[in-house]
Amino acid sequence: MTAPETPAPTNDADPDILRERALAALTTARARTALLTSVVDEPDLTAQHSPLMSPLVWDLAHIGNQEELWLLRNVAGREAMRPEIDGLYDAFEHPRAERPSLPLLPPGEARQYLAEVRGRALDVLESTAFHGSRLTDAGFAFGMIAQHEQQHDETMLITHQLRKGPAVLTAPDPAPTPLFTGPAEVLVPGGQFMMGTSAEPWALDNERPAHRRVVPPFHIDTTPVTNAAYQAFIEDGGYEDARWWTADGWDHIRAHDISAPLFWRRDGRQWLRRRFGVTEVVPPDEPVLHVCWYEADAYARWAGRRLPTEAEWEKAARHDPVTGRSTRYPWGDADPTPEHANLGQRHLRPAPAGSYPAGESPLGVRQLIGDVWEWTSSDFLPYPGFTAFPYKEYSEVFFGPEYKVLRGGSFAVDPVACRGTFRNWDYPVRRQIFCGFRTARDASPEAV
């Protein structure tokens, strides 16, 4: 019998504890938003640095608009502050490519709106009873808004990576770590495990409900695939050999003349990359970054392996074979600390492969949380028993074969928006996101 998932220790009925947690999450998100929008001048805030991304000033006011919509209008029942701007900041009404042409709030006005909404939202937080409705139970609405802002902070960090010009963001590098000499792969025994969650109070709808999955035994890389390993694929003619690519992938790389990860360029016998305005030699021991699903899949085929399924990834990350339980994180149930994972824009790059031994899973798999989002082979689909909440546009409208699932988070993800059940998704052509991968292979049925 598969043991149930571990209840989240944050699911506490004490309203003061819930209020403190919500306040901390909201405050942390707002400080990061302020940093990302204060280090550039007004032209950079209003410019569209890539048709794939919104102007930073759109994200800024959109964050405030969503906070007003859910915390002031839905939780507190207040009248709209500025109903005339709702359509401007509706992500489904206006694609990113056309947002620069909209009559957006200028930076100063956007910041003022953001501050006014936050002041009123904190009043709502102070007076809300954390029970009585699904939206307020355990402070869900406040956690949802903190996660929403942090997700847009990650989006704005992607825009910073895409913008041209000198570096404006700084952060210390991850601590040096000895070259990882452990096993290249780990055997994950076959059998049942509990996937998803019904206990995590701030989990989003696509993570729910918890349900049993049966996964055959498989091997998975101990660490994400490194730049050095990916360079071997390039040097072996991986981008020139159709054998390794799906038909759609081959058509895509040929049509767009792709021959290396995004932001890489060859300089003589070495590879350089541009990272937040700095050009540097590609570090061989870091996880490879900015590869699309097609590239990850092709590398895996070239290596005689495959991408893990989403269920395999989650079993490797959460299943404790000793207790049979599914934990919140690979290391257990405790919230992440800097010893566990590279999260929260603490650094502006992945840590070397094999870092964070305190964060490894019970089976010894490392860096499943943080550093790089990891592509899986799975389409983004609902779990059995899925119910859209609190709105269909968060997950339900994206379900289908056109999106692939990514897991684990990256160095750009805040802990509030990253856990063992968190699901990200994107088109298989996307490379601007902070994405990498690890590979897997089947094991013999006897490996249980």
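Residues numbered from 1 in each chain as written. Predicted model: local features only at pLDDT ≥ 70, side-chain atom pairs only at ≥ 80, totals over all residues. Heavy atoms only, no water.

1. Here we look at the overall build of the protein chain
We count it as follows: Counting from the N terminus, the helices are DSSP H or I runs at least four residues long and the strands are E runs at least two residues long. Our radius of gyration looks at C-alpha atoms and nothing else; its globule reference is 2.2 Å times the residue count to the power 0.38. Each residue gets one of three labels from its accessible area relative to the maximum for its type: buried under 20%, exposed over 50%, partly exposed in between, using a 1.4 Å probe on protein chains only. The contact definition used throughout considers only heavy atoms, calling two residues in contact when any of these lie within 4.5 Å. We get accessible surface area from the Shrake-Rupley algorithm with a probe of 1.4 Å; when it comes to residues, only the shown protein chains can shield them. By the counting rule applied here, Lys and Arg register as positive and Asp and Glu as negative, while His and the ends of each chain are not counted. A single reference atom marks each charge: NZ on Lys, CZ on Arg, CG on Asp, CD on Glu.
A count of helical and extended segments in the protein chain gives nine helices and twelve strands. For 448 residues, the compact-globule estimate of 2.2 N^0.38 gives 22 Å, and the protein chain sits close to it at 22 Å. The principal-axis extents of the C-alpha atoms in the protein chain amount to approximately 60 × 55 × 40 Å. Looking at the protein chain residue by residue over its 448 residues, the buried ones come to 58%. If you take every contact in the protein chain between residues at least 6 apart in sequence, the share linking residues at least 24 apart comes to 78%. Only carbon and sulfur atoms are counted for the fraction: they give 54% of the accessible area of the protein chain, which is about 17700 Å². If you average the places of the 45 positive and of the 62 negative side-chain charges in the protein chain, the two averages end up 3 Å apart.

2. Thoughts on the nonpolar core
Taken as a class, soluble globular proteins show a tendency for nonpolar side chains to be buried jointly. Put simply, the test is: Put simply, a nonpolar core is a bunch of buried Ala, Val, Leu, Ile, Met, Phe, Trp, Tyr and Cys residues held in one set by side-chain atoms that sit within 4.5 Å of each other.
Ranked by internal contacts, the top residues of the largest apolar core, which has 118 residues, are Leu-157, Tyr-230, Trp-245, Trp-375 and Phe-437. Considering each element in turn, this core owes the most residues, ten residues, to helix 5 (residues 140–162). Beyond its immediate chain neighbours, meaning those up to four positions away, Trp-245 contacts Phe-233, Gly-238, Tyr-239, Trp-250, Ile-253, Tyr-294, Glu-295, Ala-298 and Arg-301.

3. Considerations on the packing of helix 3 (residues 56–75) against helix 5
The criterion, for reference: Fitting a line to C-alpha atoms yields each axis, with helices limited to the stretch in contact; the angle taken between N-to-C directions then spans 0 to 180 degrees. With respect to orientation, any angle under 35 degrees is reported as roughly parallel, any angle over 145 as roughly antiparallel, any angle of 65 to 115 as roughly perpendicular, and every other angle as oblique. Polarity classes work like this: nonpolar for Ala, Val, Leu, Ile, Met, Phe, Trp, Tyr, Cys and Pro, charged for Asp, Glu, Lys and Arg, and polar for all others, with Gly in that last group.
At a minimum axis distance of 10 Å, the contact between helix 3 and helix 5 shows a crossing angle of 175°. With respect to their mutual orientation, helix 3 and helix 5 come out roughly antiparallel. Of helix 5, the residues touching helix 3 (which contributes Leu-56, Trp-58, Asp-59, His-62, Ile-63, Gln-66, Glu-67, Trp-70, Leu-71 and Val-75) are Ala-141, Phe-142, Met-144, Ile-145, His-148, Glu-149, His-152, Asp-153, Thr-155, Met-156, Thr-159 and His-160. The residue inventory of the contact of helix 3 with helix 5, partitioned by class, reads eleven nonpolar, seven polar and four charged.

4. Points about the pairing of strand 5 (residues 264–267)
Using the following cut-off: Pairs of strands are assigned from DSSP output, requiring at least two bridges between the strands.
One ladder, built from four bridges, connects strand 5 with strand 6 (residues 270–275); its direction is antiparallel. Across the sheet, the residue bridging to Arg-265 is Leu-272, located in strand 6. The turn linking strand 5 back onto strand 6 is made up of two residues, and Gly-268 within it adopts a positive phi angle of 65°.

5. Here's the deal with the sheet that holds strand 11 (residues 435–436)
Pairing within the open sheet is mixed, and its four strands lie in the order 10-9-8-11. Strands at the two margins of the open sheet, each flanked by one partner only, are strand 10 (424–426) and strand 11. Direction of pairing for strand 8 (residues 373–380) relative to strand 11: parallel, over a ladder of two bridges. For Trp-373, the partnering residue across the bridge sits in strand 11 and is Cys-435.

Purely geometric numbers; function is a separate question.
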